[in-house]
Amino acid sequence: VTGTITVHADVNIGIATATDQGLLVPVIRDVDTSPIADVVARARAVVGRARAGKPGGDDLSGATF
């Protein structure tokens with residue numbers, strides 16, 4: 001809706017990731033309350049699983065950005 005601001009309770013970032021199966025967008029959850037080192041580690045993990053063709057159950061849903 002034009003002219004409105006949406007405030008999300010959680011900040012979950014999706015990372016566009018090229019895989020052999022096409023583009024996947026794994027999600028890193030709760031980045032607003034996590035130390036940057038933890039965010040980086042989780043990003044590497046979810047991107048690695050996506051590229052290996054083995055994303056976890058919640059890896060591909062729930063992105064707010």
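Residues numbered from 1 in each chain as written. Predicted model: local features only at pLDDT ≥ 70, side-chain atom pairs only at ≥ 80, totals over all residues. Heavy atoms only, no water.

1. Topic: the side chain of Thr17
One can find Thr17 in strand E2 (residues 17-19). Among the polar contacts made by the side chain of Thr17, one reaches the main-chain carbonyl oxygen of Ile15 at a distance of 3.0 Å. With residues near it in sequence (within four places) discarded, Thr17 still touches Gly22, Leu23, Leu24, Pro26, Val47, Ala50 and Arg51. (Helix = DSSP H or I, 4+ residues; strand = E, 2+ residues; numbered from the N terminus. Polar contact = N/O pair within 3.5 Å; in protein donor to acceptor, adjacent residues only side chain to side chain. Contact = heavy atoms within 4.5 Å.)

2. Examining the nonpolar core
Judged by nonpolar contacts, Ile28, Val31, Val39, Ala43, Val46 and Val47 together constitute the single largest core of 6 residues. Among residues more than four places away in sequence, those in contact with Val31 are Val11, Ile13 and Val39. (Core = buried A, V, L, I, M, F, W, Y, C linked by side-chain atoms within 4.5 Å. Buried < 20%, exposed > 50% of the residue type's maximum accessible area, 1.4 Å probe, protein only.)

3. So, the pattern of salt bridges
Scanning the entire structure with this criterion turns up 2 salt bridges. Of the charged contacts, one joins Arg42 and Asp38 as a salt bridge, the two residues approaching to 3.2 Å between their closest N and O atoms. Of this pair, Arg42 and Asp38 both sit in helix H1 (residues 36-51), 4 residues apart, which is roughly one turn of the helix. Its salt-bridge partner being Asp59, residue Arg49 comes within 2.8 Å of it at the nearest N-O pair. (Salt bridge = Lys/Arg side-chain N within 4 Å of Asp/Glu carboxyl O.)

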